[in-house]
Amino acid sequence: MNDQEVAVITGSSRGIGLETALILARNGYTTYATMRSPEKDTSIKEAVQKEGIPVRVIQLDVTDDTSVKNARDHILSEVGRIDILVNNAGYGLVGALEDLSIEEIKSQYETNLFGLIRVIHAVLPTMRKQRSGRIINISSGAGIFGYPGGSAYVSTKFAVEGLSESIAYELEPFGIKVILIEPGFIRTNFANAMVIAKKAQDSASPYSELMQKTMAGFSELAKNASDAELVAKIILDVATNPSPRLRYLAGKDVESWATGKKNMDELEFFNMIRGLTA
């Protein structure tokens, strides 16, 4: 068994998940970098070989009950504990609500919300038995406010926010802390991995002009995006902080938007967000 604390990160093949796995391992955590298709992703393996840090790459598909259970059981058989869970796996679905099929929306929820719940369910018995643990859920600025074309993605993040706030009360008596990280635009390949709804790709869509302007606005905002390492450093701080807060913003852009959401009236904020994607 293992005397070091153990961290498990979902969606570790790139971006925030990759940087988080590396920074936790560099700071003494036995780290399980999980991903849906480990055989396709070599970035983290190359970094581990180069640095000799304690990262173990294993398969975990958050949308599959058996995959999640097998990963959990494998980790416990090797090290006997789970101290940190970082729920990072997710993707963005883009399109006006009328252009989104029910199947596309269900798939978005299956990964971003039900996948997160599935992994939390898997680790909670161990954390309760330990009477300690940290569940760190990667939300988004989209968990604070909506924007055009984001109804599916935004609503999953609003759900993650409400779920996290609720379970924080439930799990506190067992010594388990729940934390939300709310990044703004982060310099990862998240934008490249966004799924554009099938109907939203049709130039005949009544929302085509709006979506083109929105995507152009995203591209402009992404030019000043923060590095994924910024989020990883916040996660490391949260993992080691004896009294972490529930919510942490990550990025100057989302800090500005959150301030606007707090201080502006609804119409002023609506117009500000509309202006970002106009």
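Our subject is the structure that appears above.
Residues numbered from 1 in each chain as written. Predicted model: local features only at pLDDT ≥ 70, side-chain atom pairs only at ≥ 80, totals over all residues. Heavy atoms only, no water.

## Observations regarding the pairing of strand β1 (residues 6-9)
Heads up, the rule is: For the exposure calls, accessible area comes from a 1.4 Å probe over protein chains only, and a residue counts as buried if that area is under 20% of its type's maximum, exposed if over 50%, partly exposed in between. Secondary structure elements follow DSSP: runs of H or I no shorter than four residues count as helices, runs of E no shorter than two count as strands, and numbering proceeds from the N terminus. For a crossover, the right-handed case is the one in which the path from the first strand over the helix to the second runs clockwise, viewed with the strands pointing away from the viewer.
The alternating pattern of β1 places Val6 and Val8 on one face and Ala7 and Ile9 on the opposite face, and all of these are buried. Considered for its hand, the β-α-β crossover made up of β1, helix α1 (residues 15-26) and strand β2 (residues 30-35) is right-handed.

## Some words on the pairing of β2
We apply this condition: When DSSP finds two or more bridges between two strands, those strands count as paired.
Across the six residues that make up β2, a large majority, six, are buried. Bridging between β2 and strand β3 (residues 55-59) involves five bridges; their strand directions are parallel. The residue of β3 that forms the bridge with Thr31 is Val55. Regarding topology, helix α2 (residues 43-51) serves as the crossover connection from β2 to the parallel β3, and that connection is right-handed.

## Digging into the packing of α1 against helix α7 (residues 228-240)
Worth spelling out the cut-off: Axis geometry follows a simple rule: fit a line to the C-alpha atoms, using only the stretch in contact for helices, then measure angles between N-to-C directions, giving values from 0 to 180 degrees. An angle counts as roughly parallel when it lies under 35 degrees, as roughly antiparallel when it exceeds 145, as roughly perpendicular when it falls between 65 and 115, and as oblique in every other case. A clockwise turn of the near helix away from the far one marks a right-handed crossing, whereas an anticlockwise turn of less than a right angle marks a left-handed crossing. Residues count as neighbours in contact if any of their non-hydrogen atoms are within 4.5 Å of one another.
In the contact formed by α1 and α7, the axes pass within 8 Å of each other and the chain directions differ by 45 degrees. One way to sum up the angle between α1 and α7 is to call them oblique. The chirality of how α1 crosses α7 is right-handed. Facing Gly15, Ile16, Glu19, Thr20, Ile23 and Leu24 of α1, the residues of α7 in contact are Ala228, Glu229, Val231, Ala232, Lys233, Ile235, Leu236 and Ala239.

## Let's talk about helix α4 (residues 102-130)
As a reminder, the rule being used: By definition here, a helix of n residues has an expected span of 1.5 Å times n minus one. Think of it this way: the bend at a residue is just the angle between two axes, each fitted to seven residues, one set ending at that residue and the other starting at it.
Counted at 1.5 Å a residue, the expected span for α4 with its 29 residues is 42 Å, and the 40 Å between its end C-alpha atoms agrees. At Glu110, α4 is bent by approximately 40 degrees, the largest bend along its length.

## Focus on the packing of aromatic side chains
The description of two aromatic rings rests on the distance between their centres and on the angle between their planes. Selection criterion: Aromatic rings from Phe, Tyr and Trp, with only the six-membered ring used for Trp, were paired whenever their centres fell within 6.5 Å, and each pair was classed as stacked if the ring planes differed by under 30 degrees, edge-to-face if by over 60, and tilted otherwise. Two limits define a charge over a ring: the Lys NZ or Arg CZ must be within 6 Å of the ring centre, and within 35 degrees of the ring normal.
Scanning the model with the defined rule gives five aromatic pairs in all. Centre to centre, the rings of Phe185 and Trp257 are 6.4 Å apart; their planes meet at 80 degrees, and the pair counts as edge-to-face. On the criterion of sequence distance, the pair formed by Phe185 in the loop between β7 (176-183) and β8 (186-187) and Trp257 in helix α8 (residues 252-263) is long-range, its members being 72 residues apart. The partly exposed category is assigned to Phe185, whose relative accessible area is 23%. Through successive ring pairs, a cluster of aromatic residues spans Phe145, Tyr147, Phe185, Phe218, Trp257 and Phe269. When the ring centre of Phe174 is taken as reference, the NZ or CZ atom of Arg128 above it lies at 5.9 Å. The side chain of Arg245 reaches across the aromatic face of Tyr248, ending 4.0 Å from its centre.

## Structural notes on the environment of Lys213
Relative to the helices and strands, Lys213 resides in helix α6 (residues 208-222). Once the C-alpha coordinates of Lys213 and Ala200 are considered, the two residues, 13 residues apart in sequence, prove to be 13 Å apart. Once you skip the residues sitting within four places of it in the chain, Lys213 turns out to touch Thr277 and Ala278.

## Quick notes on α8
Short version of the rule: This arc describes the spread of directions from the helix axis toward the C-beta atoms.
Compared with the 16 Å implied by 1.5 Å per residue over 12 residues, the 16 Å span of α8 between its first and last C-alpha is a close match. Every buried residue of α8 is accounted for by Asp253, Val254, Trp257, Ala258 and Gly260. Projected down its long axis, α8 shows its buried positions confined to an angular sector of 160 degrees, all on one face. Exposed side of α8, more than 90 degrees from the buried face: Lys252, Lys262 and Asn263 are the residues found there.

## Considerations on the environment of Leu100
Mapped onto the secondary structure, Leu100 falls in the loop between β5 (93-94) and α4. We classify Leu100 as buried; its relative accessible area is 9%. Between the alpha carbons of Leu100 and Gly143 there is a distance of 20 Å; along the sequence they are 43 residues apart. Apart from residues lying up to four places away in sequence, Leu100 is in contact with Leu93, Val94, Gly95, Ile105, Ser151, Ala152 and Ala197.

## Points about unusual backbone geometry
Even without being glycine, Arg131 reaches a positive phi, approximately 60 degrees. Along the polypeptide, Arg131 turns up in the loop between α4 and β6 (133-138).

## Some points on the side chain of Thr31
Applicable threshold: What qualifies as a polar contact is a pair of N or O atoms within 3.5 Å, subject to a donor-acceptor requirement within protein and to the restriction that residues adjacent in sequence count only when both atoms come from side chains.
Tracing the sequence through the fold places Thr31 in strand β2. Look at Thr31 and you get buried, because its relative accessible area is 0%. At 3.4 Å, the side chain of Thr31 and the backbone nitrogen of Ala25 are in polar contact. If we ignore the near neighbours within four places in the chain, the residues touching Thr31 are Ala7, Ile9, Ala21, Leu24, Ala25, Pro54, Val55 and Arg56.

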